[in-house]
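What follows is the residue order along each chain.
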Amino acid sequence: MKNIIFCLTTALIFVSIPFLAKADFNKDGIIEVPKDFDRFTSNNLKGYTKPFFTTIGQGAQSNLYTVASYDESYSIGMDFSLSSTLIPNSQKVYDAELPAAFGDTKRMDNAAYVNGKVIRNISGKIEQPTIYGGPSNAIYVVSPVPGGDPADSIYKTIAFNEGNDITTMASLPAFQLIIGLPTRTEIRFRYLGAPIEEETISNISFIVNQQLDHWLNLFNEEDKMALALNASYQTMSLGNTLDLSSWAVGLHFSKDFGDGFSLYSGLQLENLSGKFKLVRANGYNPDFYVAGGDSLKSIIEIPKEQQIEYMEHVQARKEVEKNPFEEVRLLKPLSFDIESFTNWRLVLGASYEYGIMELHLDLGYASQPFLNGGIRLRFKEWKNSSQESSID
């Protein structure tokens, strides 16, 4: 279990810099995983990690804005924030796929003990914990049925990986460079990166906020209210293991109550997508198999420069030949499309500005409710030449 958490953390949470140097990449820049992953198929790993990717995606699209009122001047500053999410019970479990023959009473009889009850002849899928969940439920092959699979069949008792009983989870910290333009536009830029062996894990974000109400004559100046559009695009990558992108677009509103205190709110549509891939040690190589099938070629059909790798693959297959999942028996990669539970969010927050400093704190309602807080520093602000000449 520790190896599984390590590999996922290595690929996704690169703030844990001391652990990153331990990542084991193959020659193609893909993380090679240990035997702990023999319990996973690609689909099951996708279900197990989907809430984790949701946390990463939500954190990436947090702290895009505070108040919706932007000055008609040039400015430069920075912002640092942290976000923490609350994991709902619905994201602590997923439907794990079962081996094809499970539930076929002509071949075997199985049972699981779930929530104090014994369930027999389970097929298709069974509820198991995600990375944030609790204990898992093993499925026991009670006994071979007459005329069915023998006792040493590959369809034996199987176990699933447990969760980690996590209720709250921190997202990646957000360090932002902020540039203000006299068009009442704000541009934010984020970058976090770290070298891992010969690869680099990086997170790049570009955010634009544009005030709208003065164009539409929505409010009187004395109302001290503002409405703005926000848009964001972010990417995260690690070699050929992780290729993730997300975007968000929304509107935010704020009201200034004087003495530096403001309230703000926003409604945002967002999306997360990408690819995630891990390979098993001495894993599947299509060059070793008959075209269009899963049958190994004879070693005499393998070029000499690949024969050592071929023999290592054959030996590795023997170690998992009794695994009930064909994907694992063939040592195929763990690969899936990244998804998130979150498609939209509602934000309510408060801001206090004193001098060059702004403190902000907001609550958000999304598939994982969250709390985000930070501090902004405005280092310099200057008017454009046309404004200065009009003042003169």
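Residues numbered from 1 in each chain as written. Predicted model: local features only at pLDDT ≥ 70, side-chain atom pairs only at ≥ 80, totals over all residues. Heavy atoms only, no water.

**Q** How should I be thinking about the overall build of the protein in this particular structure?
**A** Along its length, the protein carries 7 helices and 18 strands. Expressed as lengths along the three principal axes of its C-alpha atoms, the size of the protein is roughly 95 × 55 × 35 Å. Here the protein holds 392 residues, and the buried ones make up 46% of them. Of the contacts made within the protein by residues no fewer than 6 positions apart, 70% connect residues no fewer than 24 positions apart. As displayed, the protein offers around 19500 Å² of accessible surface, 56% of which is attributable to carbon and sulfur atoms. (Helix = DSSP H or I, 4+ residues; strand = E, 2+ residues; numbered from the N terminus. Buried < 20%, exposed > 50% of the residue type's maximum accessible area, 1.4 Å probe, protein only. Contact = heavy atoms within 4.5 Å. Areas by Shrake-Rupley, 256 points an atom, 1.4 Å probe, with all protein chains shown as cover.)

**Q** What is the right way to read the side chain of Q306 from this model?
**A** Looking at where Q306 falls in the secondary structure, it is placed in helix α5 (residues 304-319). Apart from residues lying up to four places away in sequence, Q306 is in contact with N285, D287 and F288.

**Q** Just checking my understanding: could you explain the environment of I154 for this structure?
**A** Take I154: it is sitting in the loop between β7 (139-144) and β8 (168-170). In sequence terms I154 and E326 are 172 residues apart; their C-alpha atoms lie 9.9 Å from each other.

**Q** Any chance you could explain unusual backbone geometry here in plain terms?
**A** Across the chain, the bulk of peptide bonds are trans and the bulk of non-glycine residues have phi less than zero. Even without being glycine, N63 reaches a positive phi, approximately 55°. Mapped onto the secondary structure, N63 falls in the loop between α3 (42-60) and β2 (74-86).

**Q** Looking at this structure, how should I read the confidence of the model for the protein?
**A** For residues with low pLDDT, the predicted coordinates do not support detailed interpretation. Mean pLDDT for the protein: 87, with 91% of residues reaching 70 or above. Averaged over each element, pLDDT in the protein is lowest for helix α2 (residues 17-20) (34) and highest for strand β16 (residues 344-354) (97). (pLDDT = per-residue confidence, 0-100.)

**Q** How should the packing of aromatic side chains be read in this particular structure?
**A** Remark: the centre distance and the inter-plane angle together describe each pair of aromatic rings, the angle taken between the planes. Evaluated as defined, the whole model comprises 14 aromatic pairs. Judged by centre distance (6.2 Å) and plane angle (70°), the rings of F102 and Y155 are edge-to-face. You can see F102 sitting in the loop between β3 (93-97) and β4 (108-114) and its partner Y155 sitting in the loop between β7 and β8, a full 53 residues away along the chain. This pair shows no difference in class: F102 is buried, exactly as Y155 is. Here Y284 and Y289 contribute two aromatic rings whose centre-to-centre distance is 4.6 Å and whose plane-to-plane angle is 25°, an arrangement assigned as stacked. Ring pairing ties together the aromatic residues F37, F40 and Y48, which thus form one cluster. A cation over a ring is seen here: K255 above F257, with NZ or CZ 5.9 Å from the ring centre. (Phe/Tyr/Trp six-rings, centres within 6.5 Å; stacked < 30°, edge-to-face > 60°. Lys NZ or Arg CZ within 6 Å of the ring centre and 35° of its normal.)

**Q** Explain a nonpolar patch on the surface to me, please; I cannot follow it from the model alone.
**A** Taken together, Y74, I76, M78, F175, L177, I179, F189, Y191, I204, F206, F379 and W382 make up a surface patch of nonpolar side chains, about 1100 Å² in accessible area. Those elements giving two or more residues to the nonpolar patch turn out to be β2, β9 (174-181), β10 (185-196), β11 (199-211) and β18 (370-382). In this structure, F189 sits in strand β10. (Patch = residues over 30% accessible without salt bridge, like charges linked within 9 Å, V, L, I, M, F, W, Y side chains within 5 Å. Salt bridge = Lys/Arg side-chain N within 4 Å of Asp/Glu carboxyl O.)

**Q** Looking at this structure, I do not really get the pairing of strand β14 (residues 261-280). What am I missing?
**A** In summary, the side chains of a regular strand alternate between the two faces of the sheet. Inspection of the sheet shows strand β1 (residues 32-33) paired to β14 by 2 bridges, in the parallel sense. Along β14, the bridge assignment pairs E32 with V279. Bridge count between strand β13 (residues 242-256) and β14: 15 bridges; the pairing is antiparallel. Bridging from a neighbouring strand, A248 pairs with E270 of β14. (Pairing = 2+ DSSP bridges.)

**Q** Help me out: how do you make sense of the pairing of β4 in this one?
**A** Burial analysis of β4 places 6 of its 7 residues in the buried class, the great majority of the element. Across 4 bridges, β4 lies against strand β5 (residues 117-120) in antiparallel orientation. When the bridges of β5 are listed, Y113 appears paired with V118. If you look at the hairpin formed by β4 and β5, you'll find 2 residues sitting between the two strands, and N115 has a positive phi there, around 50°.

**Q** Would you mind going over the side chain of K92 with me for this structure?
**A** Within the secondary structure, K92 sits in the loop between β2 and β3. With residues near it in sequence (within four places) discarded, K92 still touches I87, Q128, P129, T130, Y132, G133, I166 and T167.

**Q** Can you help me understand α5 in this one?
**A** For α5, with 16 residues, the first-to-last C-alpha span of 24 Å sits near the 22 Å given by 1.5 Å per residue. Taken together, the buried positions of α5 are Q306, Y310, H313, V314 and A316. (Expected span 1.5 Å × (residues − 1).)

**Q** Honestly, the pattern of salt bridges in this entry has me stumped. Any pointers?
**A** Under the defined criterion, the tally for this structure stands at 11 salt bridges. The residue E186 makes a salt bridge to R188 at a minimum N-O spacing of 2.8 Å. Of the two residues examined, E186 and R188, each falls in the buried class. In this structure, D337 and K275 form a salt bridge, with 2.5 Å as the shortest nitrogen-oxygen distance. Remark: K275 occurs in strand β14 and D337 occurs in strand β15 (residues 334-338); sequence separation between them is 62 residues. One network of salt bridges, in which partners are shared, links K46, K50 and E339.

**Q** What's the story with α3 in this structure? I'm lost.
**A** Three- or four-residue spacings in an α-helix give side chains the same orientation, since the helix completes a turn every 3.6 residues. The largest bend along α3 reaches roughly 45° and is located at T49, with the proline P51 sitting one to four residues downstream. Of all 19 residues making up α3, 16 are buried, and the element is well covered by its neighbours. (Bend = angle between axes of the 7 residues up to and from the residue.)

**Q** For this particular structure, what's the right way to read the environment of N164?
**A** Along the chain, N164 falls in the loop between β7 and β8. At a separation of 3.0 Å, a polar atom in the side chain of N164 contacts the main-chain carbonyl oxygen of I131. (Polar contact = N/O pair within 3.5 Å; in protein donor to acceptor, adjacent residues only side chain to side chain.)

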